[in-house]
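Overview (structure and organization)
Listed here are the chains, written in short residue letters.
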Amino acid sequence: MSSHSTLLHLASLLRQRYARPPGFNLFTSLRGANDEVRLHSRFIASLLDPLAHSLGETALRELLSCCEIRDFSLEGVRVECERWHIDILVTNAKRQAVLIENKIDACDQPEQLMRYHRQLQAAGYQEIHVRYLSLDGRDPHHNSLGELRELDKGSYAALSYHADIVSWLETCLGRAALDPPLRESLAQYRQLILQLTGNDMDSEHLETLADTLLQGKNLLSAHDIRLAYNEALARLQAKLWRALRTRIEEKYPAMADHVSADSWTEQTLDGYCRAYVEGRRNSKYFGLYYTIPGYSESICAGLEVEYSIYLGIYCDEADEPESYRSLCECLDAAGGRGSRNAYWASFVYPPIELNFRTPSLDFS
């Protein structure tokens, strides 16, 4: 048996011994794990609200510290969700504000952060801190941030669920020892974030596996396996895209004649998937698009990927305002239940959430 096979066999045995199926989690029972507004934003906002729980101002102070926001007064502090469409807004009596834009799956909208910042300025806020929260701490699309890129670090920064929110939750957990309901809620939410970011390995499992890698030449084998892991993920994603295209065009044969030029091709798909898995710049937002008869070729029914796949009707409101309005009216009249933004007249995520970078066992 090769060293690679031996290492994989050992890793498999350790998983069988230590890995446990996910336990009951109230959050995922009530909402989808990727529900930005109704789950993540609301829960984070409730923790930041000093009047909502026994921690008082502690959780808010800790997050301000994590965000490197200093001298933010807690006099007359107020925490709100979806005020002026801002995911989480923290304000105080001294006209200071913290704006948190929460992105897990949703696309950035044109000039989104700039618009929010201007709205707060127009409302009289003098000191505005912008934080862009995502699973991996990426920056927003350049068109969303725009002129705010010129702000100093204290006024704009990216936040990561994995690096920043998990650490904040752990600090809050330590402070909530004497409040069992809050402590359990924090623990379950922390576990959900670890699962979303692919970091939910049990500590004993992690330590034992790390010790195994330090034996003999296992570390060299692990390096090779890590490279092969990314290649396997890219191939698996490409396989899914091909299967989706085959299924669509088998069920609706006429759609094969309306594939948009913006769709992946057999020559480009493997490269797209590898770039996506490796997290290269501008590697997201590719997919499979079908033009809609009666509309310009830039308007499509499509499937696209950011962190997971979503589908809908693509139409850039700025470029095609009349078509965008017409599509929205048709979709509303038909009882459409999808979300919409300035690029998509309607979009939805499938019932089974697929994370292409940290897939679950069910993904394959």
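Look up a bit, the structure's there.
Residues numbered from 1 in each chain as written. Predicted model: local features only at pLDDT ≥ 70, side-chain atom pairs only at ≥ 80, totals over all residues. Heavy atoms only, no water.

**A look at the overall build of the protein chain**
This is how it is decided: Strands are runs of DSSP state E lasting at least 2 residues, helices are runs of H or I lasting at least 4, and numbering of each runs from the N terminus. The cut-offs for exposure are 20% and 50% of the maximum accessible area for each residue type, with area from a 1.4 Å probe on protein chains only; residues under the lower value are buried, those over the upper are exposed, and the others partly exposed. For this analysis, residues touch if any pair of their heavy atoms sits within 4.5 Å.
Looking only at helices and strands, one finds 12 helices and 9 strands in the protein chain. When burial is assessed residue by residue, the protein chain has 43% of its 364 residues classed as buried. The long-range fraction of contacts in the protein chain, counting pairs at least 24 apart against all pairs at least 6 apart in sequence, stands at 63%.

**Comments concerning the sheet that holds strand S2 (residues 86-91)**
Rules: Between any two strands, pairing holds if DSSP finds at least two bridges. Only the stretch in contact is used when a helix axis is fitted, and all axes are lines through C-alpha atoms; the angle between N-to-C directions ranges over 0 to 180 degrees.
Strand order in the open sheet formed by 5 strands is S1-S2-S3-S4-S5, and the pairing between neighbours is mixed. Two strands bound the open sheet, and with one partner strand each, they are strand S1 (78-83) and strand S5 (156-160). Taking the axes of each pair of neighbouring strands and ignoring which way they run, one obtains an average angle of 25° across the sheet. Pairing of S1 with S2, which is carried by 5 bridges, proceeds in the antiparallel orientation. Looking at S2, one finds that Val-79 is bridged to Val-90. Most of the contacts of helix H5 (residues 112-122) go to strand S3 (residues 96-102), to which it runs at about 160°, and overall it touches S2, S3 and strand S4 (127-134).

**Overview of the nonpolar core**
To keep it simple, the criterion reads: Residue types Ala, Val, Leu, Ile, Met, Phe, Trp, Tyr and Cys, when buried and joined through side-chain atoms within 4.5 Å, form a set referred to as a nonpolar core.
Core analysis: the largest hydrophobic core is formed by 39 residues, its most contacted members being Ile-44, Leu-48, Tyr-161, Trp-168, Leu-169, Leu-186 and Tyr-189. Where this core is concerned, the elements lending two or more residues are helix H3 (36-48), helix H4 (58-66), S2, S3, helix H7 (161-175) and helix H8 (180-196). Apart from the residues within four sequence positions on either side, Leu-169 is in contact with Leu-47, Leu-186, Tyr-189, Arg-190 and Ile-193. Counting residues in each nonpolar core, the second largest holds 17 residues, with Leu-233, Trp-241, Cys-273 and Phe-286 among its members.

**Section: the sheet that holds strand S8 (residues 309-314)**
Read across the sheet, 4 strands follow the order S6-S7-S8-S9 without closing on themselves; strand pairing throughout is antiparallel. With one partner strand each, in any of the chains shown, strand S6 (287-291) and strand S9 (344-348) form the two edges of the open sheet. Neighbour to neighbour, the strand axes of the sheet diverge by 20° on average, direction disregarded. Alignment of strand S7 (residues 300-305) against S8, held across 6 bridges, turns out to be antiparallel. Across the sheet, residue Leu-303 finds its bridge partner in S8, namely Leu-311. Helix H12 (residues 321-333) contacts S8 and S9 of the sheet and is inclined by roughly 45° relative to S9.

**Regarding unusual backbone geometry**
The backbone of Glu-68 sits at a positive phi, close to 60°, despite the residue not being glycine. In this fold, Glu-68 is placed in the loop between H4 and S1. Among the residues examined, Glu-68 registers a relative accessible area of 38% and is labelled partly exposed.

**Remarks on the pairing of S7**
Among the 6 residues that make up S7, 5 are buried, leaving the element largely enclosed by the rest of the structure. Note: S6 against S7, 5 bridges, orientation antiparallel. Within S7, the position partnered with Tyr-290 by the bridge is Ala-301.

**Observations regarding H7**
Count 3.6 residues to each turn of an α-helix, and residues three or four apart come out pointing the same way. To be explicit about the condition: Here, expected helix span is obtained from the residue count minus one, scaled by 1.5 Å. A 3.5 Å cut-off defines polar contacts: any pair of N or O atoms within that distance qualifies, except that in protein one atom must be a possible hydrogen donor and the other a possible acceptor, and neighbouring residues in sequence count only when both atoms are side-chain atoms.
The first and last C-alpha atoms of H7 sit 20 Å apart over 15 residues, in line with the 21 Å expected at 1.5 Å per residue. The complete set of buried residues in H7 reads Tyr-161, Asp-164, Ile-165, Val-166, Trp-168, Leu-169, Cys-172 and Leu-173. With a side-chain oxygen positioned 3.1 Å from the backbone nitrogen of His-162, the residue opening H7 is Ser-160.

**Topic: H4**
Convention followed: Relevant arc is that of directions from the helix axis to the C-beta atoms, nothing else.
All of the buried residues in H4 are Ala-59, Leu-60, Leu-63 and Leu-64. Along the long axis of H4, the arc covered by the buried residues comes to 135°, so they all point the same way. Of the residues flanking the end of H4, it is Glu-68, one or two places downstream, whose phi is positive at about 60°.

**With respect to the packing of aromatic side chains**
Selection rule: In summary, the pairing rule links any two rings of Phe, Tyr or Trp, Trp by its six-membered ring, whose centres are within 6.5 Å, and it sorts them by plane angle into stacked for under 30 degrees, edge-to-face for over 60 and tilted for everything else.
Taken as a whole and assessed by the stated rule, the structure comprises 7 aromatic pairs. Here Tyr-314 and Trp-344 contribute two aromatic rings whose centre-to-centre distance is 5.4 Å and whose plane-to-plane angle is 85°, an arrangement assigned as edge-to-face. Note that Tyr-314 is positioned in strand S8 and Trp-344 in strand S9, a separation of 30 residues in sequence. An aromatic cluster of at least three residues, connected via ring pairs, comprises Trp-241, Tyr-272, Tyr-276 and Phe-286.

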